Amino acid sequence: MTDSWKECMDHCIVVTREAGKMVREALKCDISVMLKSSPVDLVTETDQKVEALIISSIKQKFPNHSFIGEESVAAGAPSILTDNPTWIIDPIDGTTNFVHRFPFVAVSIGFAVNKEIEFGIVYSCIEDKLYSARKGKGAFCNGVQIRVSGQKDITKSLLLTELGYKKDSEHFQTMMSNMQRILTIPTHGIRCVGSAAINMCLVASGAVDAYYQIGIHCWDMAGGAIIVTEAGGVIVDIDGRPFDLMSRRLITASSKALADRIAVEIQPFPCGRDDTEN
Ligand code: IPD
Ligand code: CA
């Protein structure tokens, strides 16, 4: 990482903390909810304000950089990853949690150059846990180094996934049968936290052994992906092939053996890509 990326990461930590404070303040007030692509795709004024704060602060310091932000994309901005330094932003990961005041809500930012993630910051703002990682330098939570569990055996593993509305009933069936196959191996269980970014940090810190999901977005994954790999974990596509940030699917695990074992059980359903019109 060049010195200039270090300057970017330092600024990212400052702006992420500021954003997290804004989220915490908003939780003290009434929250009015709007809908995006479906009746369960929620957005609030806070999502939009937090993203505007983050982007304007970064633009002032780094005017030539690019951005992919969840709420900017929802408003029509492109979601194409180029070689230019790019900030991939989820202002509130866990918007449904935020709306219900279920206390797992994160600000997540990944920074990519030449389509490779250089650093990631995930701030679980109600827990006040700031996870950070930069390429080749390890992963940290509030400054303390974290490591994955290293678990290889799926029968001794605790897993995370997310359960969500699926318009297509076949997709719903596939999501449920994937869970059934995994639970009946058997494993120690499956949990759902409601924030992809926090899920990835829980793998990175060894609290769970793996997390998989189909249908999430690059802004949900960009911050957490490097936190998991720098903590010694792996991140792959759900078919076990190399991870693709724009593919909307992932398995992340504490070992390659565990990721491969989960990949055997997971059937895909189509969810499109972030970098094409769906
Ligand atoms: C959501 C969360 C959730 C996952 C959804 C995401 P958002 O992000 O990460 O855990 O299941 O697929 O869309 O919309 O709250 O930023
Ligand atoms: Ca979000």
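See the structure printed just above.
Residues numbered from 1 in each chain as written. Chains lettered and ligands numbered in written order. Predicted model: local features only at pLDDT ≥ 70, side-chain atom pairs only at ≥ 80, totals over all residues. Heavy atoms only, no water.

Turning next to the coordination of the calcium ion (ligand 2). The calcium ion (ligand 2) binds to the protein through Glu-70 (OE), Asp-90 (OD), Asp-90 (OD) and Ile-92 (O); the donor distances cover 2.1 to 3.2 Å. When the donors of the calcium ion (ligand 2) are listed by position in the chain, the intervening gaps give E-x19-D-x1-I. Owing to a relative accessible area of 1%, Ile-92 belongs among the buried residues under this scheme. (Donors = N, O, S within 2.8 Å, 3.2 Å for Na, K, Ca; no water. Buried < 20%, exposed > 50% of the residue type's maximum accessible area, 1.4 Å probe, protein only.)

Turning to its location among the elements, Ser-195 is positioned in the loop between β11 (189–191) and α6 (196–204). Non-local contacts of Ser-195, meaning those with residues more than four positions away in its chain, are made with Asp-93, Gly-94, Asn-97, Phe-104, Ala-106 and Glu-162. (Helix = DSSP H or I, 4+ residues; strand = E, 2+ residues; numbered from the N terminus. Contact = heavy atoms within 4.5 Å.)

Turning to unusual backbone geometry, a few remarks are in order. The omega torsion across Ile-185 and Pro-186 is 5 degrees, close enough to zero to call that bond cis. Along the polypeptide, Pro-186 turns up in the loop between α5 (169–183) and β11. Non-glycine residue Lys-115 carries a positive phi angle of around 70 degrees. Position of Lys-115 among the secondary structure elements: in the loop between β5 (106–113) and β6 (116–124). The phi dihedral of Asn-142 is positive, around 50 degrees, even though this residue is not glycine. Tracing the sequence through the fold places Asn-142 in the loop between β8 (139–141) and β9 (144–145).

Take the pattern of salt bridges next. Tallied over the entire structure, the rule returns 18 salt bridges. Linking Lys-36 and Glu-71 is a salt bridge whose minimum nitrogen-to-oxygen distance equals 3.0 Å. Placement of the pair is Lys-36 in the loop between β1 (33–35) and β2 (42–44) and Glu-71 in helix α3 (residues 70–74), with a sequence separation of 35 residues. Judged by relative accessible area, Lys-36 falls into the partly exposed class, the value being 26%. A relative accessible area of 8% means that Glu-71 is categorised as buried. Residue Glu-265 is joined to Arg-181 by a salt bridge in which the shortest nitrogen-to-oxygen separation is 3.9 Å. Here the residue Glu-265 occupies a position in helix α8 (residues 256–265), and Arg-181 occupies one in helix α5, the gap between them amounting to 84 residues. The class for Arg-181 is partly exposed, based on a relative accessible area of 28%. Put simply, Asp-237, Asp-239, Arg-241 and Arg-249 are held in one network by salt bridges that share partners. (Salt bridge = Lys/Arg side-chain N within 4 Å of Asp/Glu carboxyl O.)

This brings us to the pairing of strand β12 (residues 210–214). With 5 of 5 residues buried, β12 lies mostly within the body of the structure. Of the two faces of β12, the one carrying Ala-210, Tyr-212 and Ile-214 and the one carrying Tyr-211 and Gln-213 are both buried. In terms of strand pairing, strand β10 (residues 158–160) meets β12 through 2 bridges, oriented parallel. Paired with Leu-159 across the bridge in β12 is Ala-210. With 5 bridges joining them, β12 and strand β14 (residues 249–253) adopt antiparallel strand pairing. Residue pairing in the sheet places Tyr-211 in a bridge with Thr-252 of β14. (Pairing = 2+ DSSP bridges.)

What follows deals with the sheet that holds β10. Think of a sheet as strands paired side by side through backbone hydrogen bonds, with each pair either parallel or antiparallel. Taken in spatial order, the 5 strands of this open sheet run β11-β10-β12-β14-β13, and their pairing is mixed. Looking at which strands have only one partner, the edges of the open sheet turn out to be β11 and β13 (234–236). Between one strand axis and the next, the sheet turns by 20 degrees as a mean value, whatever way the strands run. Sheet analysis places β13 next to β14, joined by 3 bridges and oriented antiparallel. Across the sheet, residue Val-234 finds its bridge partner in β14, namely Ala-253. (Axes fitted to C-alpha atoms, helices over the stretch in contact; angles between N-to-C directions.)

What follows is about the site of ligand 1. What surrounds ligand 1 is a group of 13 residues, the closest being Asp-90, Asp-93, Gly-94, Thr-95 and Gln-213. In the model, an oxygen atom of ligand 1 is placed 3.2 Å from a nitrogen or oxygen of the Gly-194 main chain. Asp-220 places a polar side-chain atom, nitrogen or oxygen, 3.2 Å from an oxygen atom of ligand 1. Alone, ligand 1 offers 370 Å² of accessible surface; in the complex the protein occludes 81% of this. The residue makeup of the shell around ligand 1, split by class, is 3 nonpolar, 5 polar and 5 charged. (Near = heavy atom within 4 Å. Polar contact = N/O pair within 3.5 Å; in protein donor to acceptor, adjacent residues only side chain to side chain. Areas by Shrake-Rupley, 256 points an atom, 1.4 Å probe, with all protein chains shown as cover. Nonpolar A, V, L, I, M, F, W, Y, C, P; charged D, E, K, R; others polar.)

Here we come to the state of the cysteines. Throughout the structure, instances matching the rule amount to 0 disulfides. Lacking any disulfide linkage, Cys-125 is separated from the closest cysteine sulfur, that of Cys-201, by 12 Å. Of all cysteine sulfurs, the one in Cys-218 lies closest to Cys-271, which takes part in no disulfide; the gap is 12 Å. Assessed through its relative accessible area of 16%, Cys-271 is described here as buried. (Disulfide = S-S within 2.5 Å.)

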